[in-house]
Amino acid sequence: MSFTQPIPNLPQPLQAEDSYKTDLETGFLPGWTEAFKVKEVTAGEGQQARGVTSQGKTCKPKTDIVFLKVHKSASSTVMNILFRFGEMHNLTFAFPQGGGYQLYYPYHFLARFVQGFSPLSPRRFNILCHHMRFLQPEVQKVVPSSAVYFSILRNPVQLMESSFVYYKGASAFSRVRSLEEFLSQPWRYYDPTSGDRHYARNLMTFDFGFNPDGDVSPERVQLMLKAIESSFDFLLISEYFDESMVLLKEMLCWDLDSVVSFPLNSRDSSTKSLLPDSVVEKLKAWNRLDWEIYTHFNRTFWERIERHIGRERLRREVRALRQRQAELARACLQGTDQSLFPPHPKCPRQLLAYTLFLGLQETQWGYCRHCNSPGLLRPARGTVPALCGFLAVQDSQQFMQKCSVFSL
Ligand SMILES: Nc1ncnc2c1ncn2[C@@H]1O[C@H](COP(=O)(O)OS(=O)(=O)O)[C@@H](OP(=O)(O)O)[C@H]1O
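Residues numbered from 1 in each chain as written. Predicted model: local features only at pLDDT ≥ 70, side-chain atom pairs only at ≥ 80, totals over all residues. Heavy atoms only, no water.

An unreviewed UniProt entry lists the chain under the name Galactose-3-O-sulfotransferase 2, with Serinus canaria as the source organism. Listed under Subcellular location (unreviewed entry) in UniProt, the entry text for the chain is "Golgi apparatus membrane". (UniProt positions renumbered as here; feature names shortened; annotations may be inferred.)

So, in structure tokens, the structure goes:
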């Protein structure tokens, strides 16, 4: 199985990528880290109505957004929220060239990977949110300078457990039966020169644009953390997904309904394994750079919550969010139990799917499909979409309907 999206015959060679890559791959930090932006998004404090704060102050909803879709970190669920908000507000998306579901990952991002971008008349898009390997100078070419940058992290232990199941065909994993076996002799199976090695080590570090086999000295780690801090306005934590959504709507000045979601891309519990402590420790050590990123930004996440929301309001808002999600689940979902309905032929068995109720009213239909699809799904009326790994995207301003396999 190949996980690399082939680059199509694009008009120019990959000059930008090659020059940035030299530094990144040898472990040096990219040039953009030298010019740290001191950047602070003011929290919107929006609670009920869009653009109006709970304290009566107003803020303007943010519509220019870069979301780094870090693998296996609940990023599809966040992407769904962005698609829904974008479509409802007529925003433009930086879709991948050629109709793919990712931006030529695992190559470092280049502006020309985006459909409709031209260096001669650069076009700015509101939202950039497909899988990419981050490279800020190129990202800046396709979004307005006012864009808010954010991402979501996951504990590297669980992230790698998920990655192991999902990317079992990756070269580092294909010859082992279990994660334990891989970790007993990782260098026997892991080849740092292989094109898909990042699925097996420091996947978050890689997605942020750095070398997953880089130096772990404190100085180097500090530089990496500073670089991420300078590029990203805030980072969310998937273990605290609901708290993250409250922070997200606060930072973007959105209302609560805009961040309601159903978990997407979730595995069935039969494929999840409880890891013994010894394996957990090995995973932390093996993914040391990811561990440093995660622990650092987990701390700053809670500091930000304290600063912008406070624990008491956070509790209230999380409760309200869960209530709203339960209401929508009752209105939209027939079930999540795969034994109740035939699996979609393209939905791998280990991924949970949702089935929308048949016979939804026209008004409910729009709302439910928005909540349920990783992309913007427009199935034929009268059909029952069983959604899991499908991405169907339509942006009437930009493209005809596209449908492609999502995240596999
Ligand atoms: N709301 C919420 N809260 C917590 N965790 C969640 C949520 N939504 C999705 N998930 C879990 O995220 C995992 C899938 O991540 P991604 O969508 O980023 O995967 S992918 O890289 O796009 O394939 C996948 O993890 P695993 O089930 O462990 O594989 C999902 O269960």
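1. Concerning the overall build of the chain
Helix and strand counts for the chain come out as 13 helices and nine strands. For the chain, with 408 residues in total, the buried portion stands at 58%. Surface summary for the chain: the accessible area is close to 17200 Å², and the carbon and sulfur share equals 53%. (Helix = DSSP H or I, 4+ residues; strand = E, 2+ residues; numbered from the N terminus. Buried < 20%, exposed > 50% of the residue type's maximum accessible area, 1.4 Å probe, protein only. Areas by Shrake-Rupley, 256 points an atom, 1.4 Å probe, with all protein chains shown as cover.)

2. A closer look at the site of the ligand
Lining the immediate environment of the ligand, one finds 22 residues, of which Lys69, Ser75, Ser76, Ser162 and Arg267 sit closest. Measuring from an oxygen atom of the ligand, one finds a side-chain N or O atom of serine 162 at 2.7 Å. Between an oxygen atom of the ligand and a side-chain N or O atom of lysine 272, the distance comes to 3.2 Å. Summarising the interface, the protein chains cover 90% of the accessible area of the ligand, which totals 650 Å² for the free molecule. According to the grid-proximity analysis, the pocket containing the ligand is the largest pocket. Secondary structure elements with two or more residues in the shell around the ligand: α2 (75-88) and α4 (156-166). Considering each element in turn, the shell around the ligand owes the most residues, three residues, to α2. (Near = heavy atom within 4 Å. Polar contact = N/O pair within 3.5 Å; in protein donor to acceptor, adjacent residues only side chain to side chain. 1 Å grid on protein atoms, 1.4 Å probe; cavity = no way out; pocket = protein on both sides within 12 Å on 5 of 7 lines; lining within 4 Å. Sits in = over half its atoms within 2 Å of the grid points.)

3. Points about the pattern of salt bridges
Applying the stated criterion across every chain, the model contains 17 salt bridges. A salt bridge links arginine 197 to aspartate 213; its shortest N-O distance comes to 3.3 Å. You can see arginine 197 sitting in the loop between α6 (186-189) and α7 (203-207) and its partner aspartate 213 sitting in the loop between α7 and α8 (218-231), a full 16 residues away along the chain. When its relative accessible area of 8% is taken as the criterion, arginine 197 is described as buried. Overlapping salt bridges bring together Lys249, Glu250, Arg313 and Glu317 as one network. (Salt bridge = Lys/Arg side-chain N within 4 Å of Asp/Glu carboxyl O.)

4. Focus on the packing of aromatic side chains
Inspection of every chain in the model, using the stated rule, returns 26 aromatic pairs. For the ring pair phenylalanine 83 and phenylalanine 93, a centre distance of 5.0 Å and an interplane angle of 45° mean the geometry is tilted. Of this pair, phenylalanine 83 sits in helix α2 while phenylalanine 93 is found in the loop between α2 and β2 (127-128), placing the two residues 10 residues apart along the sequence. One exposure class covers both phenylalanine 83 and phenylalanine 93, and it is buried. Aromatic pair tyrosine 190 and tryptophan 286: ring centres 5.1 Å apart, planes at 90°, arrangement edge-to-face. Of this pair, tyrosine 190 sits in the loop between α6 and α7 while tryptophan 286 sits in helix α10 (residues 277-286); the two residues are 96 residues apart in sequence, bridging distant segments of the chain. Since its relative accessible area comes to 3%, tyrosine 190 is described here as buried. Residue tryptophan 286 is classed as buried on the basis of its relative accessible area of 7%. Through a chain of ring-to-ring contacts, three or more aromatic side chains come together here, namely Phe164, Phe173, Phe182, Trp187, Tyr189, Tyr190 and Trp286. The ring of tyrosine 166 has lysine 72 sitting right over it, with the charged end atom 2.9 Å from the ring centre. A cation sits over an aromatic face here: arginine 201 above tryptophan 286, 4.2 Å from the ring centre. (Phe/Tyr/Trp six-rings, centres within 6.5 Å; stacked < 30°, edge-to-face > 60°. Lys NZ or Arg CZ within 6 Å of the ring centre and 35° of its normal.)

5. So, the side chain of serine 244
Turning to its location among the elements, serine 244 is positioned in helix α9 (residues 241-252). Residue classification places serine 244 among the buried residues on the basis of a relative accessible area of 0%. In contact with serine 244, other than residues within four places in its own chain, are Leu236, Ile237 and Phe301. (Contact = heavy atoms within 4.5 Å.)

6. Comments concerning the pairing of strand β1 (residues 65-68)
Residues of β1 alternate between two faces, with Ile65 and Phe67 on one and Val66 and Leu68 on the opposite face, all of them buried. The pairing of β1 with β2 spans two bridges and is classified as parallel. Within β2, the residue paired with valine 66 across the bridge is leucine 128. For the segment spanning β1, α2 and β2, crossover handedness is right-handed. Where β1 lies against strand β3 (residues 148-153), four bridges are found, and the strand directions are parallel. Looking at the pairing, isoleucine 65 lines up with valine 148 of β3. (Pairing = 2+ DSSP bridges. Right-handed = clockwise from strand over helix to strand, strands pointing away.)

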